[in-house]
Amino acid sequence: MNTTPSRTTTPSTTTPPAGTTDPAEGSADAVTEEATAKDSLVKDPAKGSTTDSPAKDPATEDATGTPSDAADSGTAPDDLSGQADDDDALEPDPFEEARHGVGAGAAAVVSAALGVVALTGAWTGRVAAERETLIGQIQTSGGGSAAQQISEIYGDAWHTTALVNGVFAVLALLVGVFVLVRPAFGAPSDRPQPTWVRAVATAGVALGVLGVLISAGMYFDLFVSLPTAGAPAGG
């Protein structure tokens with residue numbers, strides 16, 4: 001029998017000398033440095049190369065924006081407000097359009113009304129005719145021939161009525177012509193004369209011309225002559 005006690009061997013845990021590096025720790029450090037280097041490299045999809053600049057966060061870039069974008073956003077409201085002011089300046093004023101042509105329209109209506117009065121007669125003509133009739137009666141009350149009575153009582157009243165109607169016709173003609181020629185000789189306007197104003201003024205001119213012709217025919221006895229008294233029958 002072997003009476004010598006058995007020996008157990010234990011692994012020696014010796015400390016490496018100073019200045020040396022543990023192989024396990026060195027490999028771990030190398031792997032960490034390589035991973036950090038790969039993270040720091042950013043690959044450019046357009047060029048297919050890597051750059052050392054860190055990757056930019058799209059959300060951060062969109063939030064901050066560029067100086068040009070900020071300038072555009074700052075000047076956009078000013079441009080819109082200026083365009084709105086220009087549109088307001090070019091837009092016609094409805095009140096200004098309503099006032100345009102009021103005077104000319106009123107004058108055209110007056111011209112047409114005067115033309116109608118010249119053709120139908122007015123109360124002034126009737127009053128003037130009655131006055132001439134009364135004057136003729138007074139003048140012939142003391143005696144006079146039949147021809148003199150016809151002329152003083154009937155003829156003067158007829159001519160006075162024609163004269164008054166002719167005055168209204170001339171006024172209608174003058175006012176209508178003034179309305180039609182006013183844009184040519186007056187201050188220049190950026191808006192043309194309304195169509196209805198020209199139409200009514202033209203009607204006034206036509207009625208005025210017709211009234212002048214009729215009044216002239218009445219005054220000079222062109223249409224009908226004064227009645228004449230017959231010679232007394234001899235006895």
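Up top you'll find the structure we're talking about.
Residues numbered from 1 in each chain as written. Predicted model: local features only at pLDDT ≥ 70, side-chain atom pairs only at ≥ 80, totals over all residues. Heavy atoms only, no water.

Caption draft 1: Quick peek at helix α8 (residues 195-219). When the terminal C-alpha atoms of α8 are compared, their 36 Å separation across 25 residues agrees well with the 36 Å that a helix rising 1.5 Å per residue should span. Here α8 has its buried residues at Val-197, Ala-201, Gly-204, Val-205, Gly-208, Gly-211, Ser-215, Gly-217 and Met-218. One or two positions beyond α8, positive phi appears at Asp-221, with a value near 55°. (Helix = DSSP H or I, 4+ residues; strand = E, 2+ residues; numbered from the N terminus. Expected span 1.5 Å × (residues − 1). Buried < 20%, exposed > 50% of the residue type's maximum accessible area, 1.4 Å probe, protein only.)

Caption draft 2: Here's a closer look at helix α6 (residues 123-140). Taking 1.5 Å of rise per residue, 18 residues should cover 26 Å, and α6 covers 26 Å from first to last C-alpha, within 8% of that figure. Its buried side turned inward, α6 meets α7 (146-185). (Contact = heavy atoms within 4.5 Å.)

Caption draft 3: Structural view of the packing of α7 against α8. Direction vectors running N to C along α7 and α8 enclose 155°, while the axes themselves pass 7 Å from each other. It follows from the interaxial angle that α7 and α8 lie roughly antiparallel. Note that α7 runs across α8; the crossing there is left-handed. (Axes fitted to C-alpha atoms, helices over the stretch in contact; angles between N-to-C directions. Parallel < 35°, antiparallel > 145°, perpendicular 65-115°, else oblique. Left-handed = near helix turned anticlockwise from the far one by under 90°.)

Caption draft 4: Representation of the side chain of Ser-215 within the structure. Inspection of the secondary structure puts Ser-215 in helix α8. In this structure, Ser-215 is in contact with Ala-162, Asn-165 and Gly-166, ignoring residues within four places of it in sequence.

Caption draft 5: Geometry of a nonpolar patch on the surface. Taken together, the side chains of Leu-119, Leu-163, Val-167, Leu-171, Leu-210, Ile-214, Tyr-219, Phe-220, Leu-222, Phe-223 and Val-224 define a hydrophobic patch exposed on the protein surface, amounting to about 1,100 Å² of accessible area. Among the secondary structure elements, those contributing two or more residues to the nonpolar patch are α7 and α8. Tracing the chain through its elements places Val-167 in helix α7. Judged by its relative accessible area of 45%, Val-167 falls in the partly exposed class. (Patch = residues over 30% accessible without salt bridge, like charges linked within 9 Å, V, L, I, M, F, W, Y side chains within 5 Å. Areas by Shrake-Rupley, 256 points an atom, 1.4 Å probe, with all protein chains shown as cover. Salt bridge = Lys/Arg side-chain N within 4 Å of Asp/Glu carboxyl O.)

Caption draft 6: Summary view of the nonpolar core. Judged by nonpolar contacts, Ala-107, Ala-108, Val-179, Val-197 and Ala-201 together constitute the single largest core of 5 residues. Mapped onto this core, the elements with two or more residues apiece are α5 (102-120) and α8. For Ala-108, the contacting residues outside a window of four places in its chain are Val-179, Val-197, Val-200 and Ala-201. (Core = buried A, V, L, I, M, F, W, Y, C linked by side-chain atoms within 4.5 Å.)

Caption draft 7: Quick look at the pattern of salt bridges. By the definition in use, this model includes 1 salt bridge. Measuring nitrogen to oxygen at the nearest pair gives 3.9 Å for the salt bridge that ties Arg-131 to Glu-132. Taking relative accessible area as the criterion, Arg-131 reaches 55% and is therefore assigned exposed.

That's the geometry; what it means functionally is another story.
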